[in-house]
Amino acid sequence: QVQLVESGGGLVQPGGSLTLSCTGSRFTFSEYAMSWYRQAPGKERELVATITTDGSVKNDLHSMKGRFTISRDNARKTAYLQMSAMKPEDTAVYYCKAERAWLGIRYEYWGQGTQVTVST
């Protein structure tokens, strides 16, 4: 059974930093684009950033450019989200997603989420 496990969430003060990890198992990690999403209370889930199989990065929330960095280590089957200069509005549950399209079929797997709280 495919698994994605996020870790690294927690409580951080405004201006602080946090790094999230997402480790995959039982699928060929290197063949999947990896994304981080977040969902704040009462809001829809939104895309934070995507890193493709060749390492190209797409940041989809302009407000986070320069503060959030997505990366991946295929040998460790892990994607990361480094967050800095954090703001209270970054408070959300953060999810990772693995995605690929193969022969017209889309494969998509989600992690269970990790809570990030930015507060004093």
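None of these values were measured; they are calculated from a predicted model.

A. Representation of the pattern of salt bridges. In the structure shown here, the tally under the stated rule is nine salt bridges. Arginine 76 is the partner of aspartate 73 in a salt bridge, and the nearest nitrogen-oxygen pair spans 2.9 Å. Between lysine 97 and glutamate 99 there is a salt bridge, with the nearest N and O atoms lying 3.2 Å from each other. Connected via shared salt-bridge partners are Arg38, Glu46, Arg67 and Asp90.

B. Up close: the sheet that holds strand 8 (residues 78-83). What the four strands build is an open sheet, ordered 1-3-8-7; its pairing is antiparallel. Both outer strands of the open sheet, strand 1 (3-7) and strand 7 (68-73), are each paired with one neighbouring strand and no more. The sheet shows a mean angle of 15° between the axes of neighbouring strands, direction not considered.

C. Local environment of the state of the cysteines. In this structure the tally under the stated criterion is one disulfide. Through a disulfide, cysteine 22 is tied to cysteine 96; the S-S separation comes to 2.0 Å. Residues cysteine 22 and cysteine 96 are joined through a disulfide that is right-handed, its torsion about the S-S bond being 60°. Placement of cysteine 22 in strand 3 (residues 18-25) and of cysteine 96 in strand 9 (residues 92-102) is noted, with a sequence separation of 74 residues between them. Neither cysteine 22 nor cysteine 96 differs from the other in exposure class; each is buried.

D. Structural detail: the side chain of serine 21. Here serine 21 lies in strand 3. Residue serine 21 is classed as buried on the basis of its relative accessible area, which comes to 17%. Every residue in contact with serine 21, bar those within four places of it in the chain, is listed here: Val5, Glu6, Ser7, Trp36, Thr78, Ala79 and Tyr80.

E. Broad picture of the pairing of strand 8. Inspection of the sheet shows strand 3 paired to strand 8 by six bridges, in the antiparallel sense. Bridge assignment links threonine 19 to a residue of strand 8, and that residue is glutamine 82. Sheet analysis places strand 7 next to strand 8, joined by six bridges and oriented antiparallel. The partner of phenylalanine 68 across the bridge, within strand 8, is methionine 83. Linking two consecutive strands that pair antiparallel, namely strand 7 and strand 8, is a turn of four residues; a positive phi of about 55° is found at lysine 77 within it.

F. Fine view of the environment of arginine 67. Tracing the backbone shows arginine 67 in the loop between strand 6 (57-59) and strand 7. What makes arginine 67 buried here is its relative accessible area of 11%. Taking the C-alpha atoms as reference points, arginine 67 and isoleucine 105, 38 residues apart in sequence, are found 34 Å from one another. A distance of 3.0 Å separates the side chain of arginine 67 from the backbone oxygen of alanine 85, its partner in a polar contact. Among the polar contacts listed, one links the side chain of arginine 67 to the side chain of aspartate 90, at a separation of 2.8 Å.

What counts, and where the lines are drawn
- Position labels on residues start from 1 in each chain and follow its written sequence.
- Local features in this predicted model are restricted to residues whose pLDDT is 70 or higher, and side-chain atom pairs enter the listing and the counts only when it is 80 or higher, whereas totals over whole chains, interfaces and linings include all residues.
- Think of the side-chain values as coming from all heavy atoms in the structure, minus any hydrogens and water.
- What counts as a salt bridge is simple: a side-chain nitrogen of Lys or Arg found within 4 Å of a carboxyl oxygen of Asp or Glu.
- For two strands to count as paired, DSSP must find a minimum of two bridges between them.
- Put simply, DSSP marks the helices as runs of H or I at least four residues long and the strands as runs of E at least two long, and each gets a number from the N terminus on.
- The convention used is that axes are lines fitted to C-alpha atoms, helices contributing only their stretch in contact, and that angles between N-to-C directions extend from 0 to 180 degrees.
- Disulfides are defined in this document as cysteine sulfur pairs within 2.5 Å.
- Three exposure classes are used, based on accessible area relative to the maximum for each residue type with a 1.4 Å probe and protein chains only: buried under 20%, partly exposed in between, and exposed over 50%.
- By the convention used here, residues are in contact when the closest approach between their heavy atoms is within 4.5 Å.
- Two N or O atoms form a polar contact when they lie within 3.5 Å of each other; inside protein one atom must be a possible hydrogen donor and the other a possible acceptor, and for residues adjacent in sequence the pair counts only when both atoms belong to side chains.

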